[in-house]
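Here are the chains, one letter per residue:
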Amino acid sequence: MNAIRVRWTVAFRLVLALSVLPICFRTEAAGQANTLPPPKKLGRGINILGYDGVWEGGRNAPFRLDNLTAIRRAGFSHVRINFFGFKFMDPEKIMDEVVLRRLDGVIEQVLARNLIPILDEHDTHVCQRDISECTDKLKSFWTQIAARYAGKYPALVFEVLNEPGGQMTSTGWNGLLNECLGIIRATNPRRTVIASVLNVDEMPVEDLVLPSDDRNLIVTFHYYAPIRFTHQGAPWSPTFSRIGPLDWGTPEDEQKARADFEKIRSWSQREKRPIYLGEFGVYEAAPAEARTRYLSFVARSAERLGWAWAYWQFDHDFAAFDSARQAWKPDILRALLPAGR
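Visitor: I'd love a proper account of helix α8 (residues 251–271), names of residues and values included.
Guide: Across its 21 residues, α8 extends 30 Å between first and last C-alpha, which sits within 8% of the 30 Å expected from 1.5 Å per residue. Three or more residues of α8 are buried, namely Ala 257, Asp 260, Phe 261, Ile 264, Trp 267 and Ser 268. Those residues of α8 that are buried lie in contact with β6 (217–223), β7 (275–280) and α9 (288–304). Directly beyond the C-terminal end of α8, a positive phi value near 55° is found at Lys 272.

Visitor: A description of the state of the cysteines should follow, citing residues and the corresponding values.
Guide: All chains considered together, the criterion is met by one disulfide. The disulfide bridge from Cys 127 ends at Cys 134, spanning 2.0 Å between sulfur atoms. Since a negative S-S torsion denotes a left-handed disulfide, the Cys 127-Cys 134 link at about 85° is right-handed. Just so you know, Cys 180 is unpaired, no disulfide at all, and the nearest cysteine sulfur is the one on Cys 134, 7.8 Å from it. Judged by its relative accessible area of 0%, Cys 180 falls in the buried class.

Visitor: Lay out the side chain of Asp 120 with the relevant residues and their values.
Guide: Along the chain, the position of Asp 120 falls in strand β3 (residues 116–121). You can call Asp 120 buried: its relative accessible area is 0%. Of note is the side chain of Asp 120, whose polar atom sits 2.6 Å from the side chain of His 122. Dropping the residues within four chain positions of it, Asp 120 is found in contact with Arg 80, Ile 81, Asn 82, Phe 83, Glu 159, Leu 161 and Asn 162.

Visitor: Quick one: what's the story with unusual backbone geometry, residue by residue and with numbers?
Guide: Cis geometry marks the peptide bond from Ala 225 to Pro 226; its omega dihedral reads -10°. Relative to the assigned elements, Pro 226 resides in the loop between β6 and α7 (227–230). The linkage connecting Gly 244 with the following residue, Pro 245, adopts the cis geometry, with an omega of 0°. Turning to its location among the elements, Pro 245 is positioned in the loop between α7 and α8. Here the phi dihedral of Glu 163 falls at roughly 45°; this positive angle occurs in a residue that is not glycine. In this fold, Glu 163 is placed in the loop between β4 (157–159) and α6 (170–187). Positive phi, normally seen in glycine, also occurs at Lys 272, with a value near 55°.

Visitor: I'd love a proper account of the pairing of strand β5 (residues 193–196), names of residues and values included.
Guide: Covered by surrounding structure in β5 are Val 193 and Ala 195 together with Ile 194 and Ser 196, the residues of both alternating faces. As judged from the two bridges shared by β4 and β5, these two strands associate in the parallel manner. Bridging from a neighbouring strand, Phe 158 pairs with Val 193 of β5. In the classification by handedness, the crossover that spans β4, the intervening α6 and the parallel β5 is right-handed.

Visitor: Outline the sheet that holds β4, supporting the account with residue identities and numerical values.
Guide: Read around the closed barrel, eight strands run β1-β2-β3-β4-β5-β6-β7-β8, paired in parallel fashion. On average, each strand axis in the sheet is tilted by 25° relative to the strand beside it, whichever way the strands run. Relative to strand β2 (residues 78–83), strand β1 (residues 44–48) runs parallel, the two being bridged by four bridges. Bridge assignment links Ile 46 to a residue of β2, and that residue is Val 79. Here helix α3 (residues 97–112) sits on the sheet in contact with β2 and β3, set at roughly 170° to β2. Sitting on the sheet, α8 is in contact with β6 and β7, with an inclination near 165° to β6.

Visitor: Tell me about the pairing of β1, and please be specific about residues and values.
Guide: In terms of burial, β1 is a largely internal element, five of the five residues being buried. Viewed along the sheet, the connection from β1 through helix α2 (residues 67–74) into β2 turns out right-handed.

Visitor: Quick one: what's the story with the pattern of salt bridges, residue by residue and with numbers?
Guide: In the structure shown here, the tally under the stated rule is 20 salt bridges. Of the charged contacts in the structure, one is a salt bridge between Arg 101 and Glu 97, with a shortest N-O distance of 3.6 Å. Note that Arg 101 and Glu 97 are positioned in helix α3 at a spacing of four residues, about one turn of the helix. Of the charged contacts in the structure, one is a salt bridge between Arg 129 and Glu 133, with a shortest N-O distance of 3.6 Å. On the accessibility criterion, Glu 133 (24% relative accessible area) is partly exposed.

Visitor: Can you tell me about the packing of aromatic side chains, naming the residues and giving the values?
Guide: Scanning the model with the defined rule gives 27 aromatic pairs in all. Ring geometry for Tyr 51 versus Phe 84: centroids 5.5 Å apart, planes at 55°, classification tilted. Taken together, the residues span a long stretch of sequence, with Tyr 51 in the loop between β1 and α2 and Phe 84 in the loop between β2 and α3 at a distance of 33 residues. Residue classification places Tyr 51 among the partly exposed residues on the basis of a relative accessible area of 45%. With a centroid separation of 5.6 Å and 65° between ring planes, the pair formed by Tyr 283 and Phe 318 is classed as edge-to-face. With Tyr 283 in the loop between β7 and α9 and Phe 318 in the loop between β8 (308–311) and β9 (321–322), this residue pair connects regions lying 35 residues apart in the sequence. Both residues of the pair, Tyr 283 and Phe 318, count as buried. Among the aromatic side chains, those forming a connected cluster through ring pairs are Phe 63, Phe 76, Phe 280, Trp 309, Tyr 311, Phe 314, Phe 321 and Trp 328.

What counts as what
Residues numbered from 1 in each chain as written. Predicted model: local features only at pLDDT ≥ 70, side-chain atom pairs only at ≥ 80, totals over all residues. Heavy atoms only, no water. Helix = DSSP H or I, 4+ residues; strand = E, 2+ residues; numbered from the N terminus. Expected span 1.5 Å × (residues − 1). Buried < 20%, exposed > 50% of the residue type's maximum accessible area, 1.4 Å probe, protein only. Contact = heavy atoms within 4.5 Å. Disulfide = S-S within 2.5 Å. Polar contact = N/O pair within 3.5 Å; in protein donor to acceptor, adjacent residues only side chain to side chain. Pairing = 2+ DSSP bridges. Right-handed = clockwise from strand over helix to strand, strands pointing away. Axes fitted to C-alpha atoms, helices over the stretch in contact; angles between N-to-C directions. Salt bridge = Lys/Arg side-chain N within 4 Å of Asp/Glu carboxyl O. Phe/Tyr/Trp six-rings, centres within 6.5 Å; stacked < 30°, edge-to-face > 60°.

Here it is, written out as structure tokens:
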């Protein structure tokens, strides 16, 4: 009985937050709409902690928090924390406080290394498959996270959702995205927020609808084209596991990538929105020289266009770092962060 009473109390608080917070903060947000700071300059980054036991209480599983020191020393300026928040919700969609305290600790460790933390809600598999479930959980997630970090960790950046797509249309995604932005802005009117282009092959950036008066937004997309090259040999795919070895780096290969980037650049310039290449990478089964050639080309191309970027990923597969040896993979690191740059 006591447990039931506590659960209902927490659930009631969440409902109250959903209904009251927008009213409480509307005046503050409106007063600051014309004085918002520009979005943070993220620079070069790397994805971390997507498939790691740290959230369940594991240590060195395989990511070690002192790996953040190696990330900073290598020359990265931010990390994208891939957080699967939905699996830590109870039936009332309340987040597990123990896990949230672990998230606090990760953010604090990132900040202690003078790195910018991006909190990326990474439940792609749910949101591409079941829009109704995604909608309820994503709004609940950001209601709780936004309230938790209101006025706290000003360097922390929110990313609304990783790779919206699948069953989502651009129209559906725009609606959900703007609902979540409203939830976040109610308590975090000055925080930098990242919003994704719909993650389909066409990269329909021109369909993205953002609040015109909110200029503290960064638009993100991911780039793995051509996917037959970047995912060749990937054992989880019946198709890609049988592909390879494939090369990359002909003039035609480079021209295709430039054309894809030009589409994003043209929209960005017209709409005056900064761009973040939040993921790119090549699975390790690709020929080594082709892999590093691709990574270098993509990273340098993004930088020439003034875009921040984050490599996928630190450890596990596509890895830039060897967790067993506790050392960078030198060819990958040189491709991403060449000496003298």
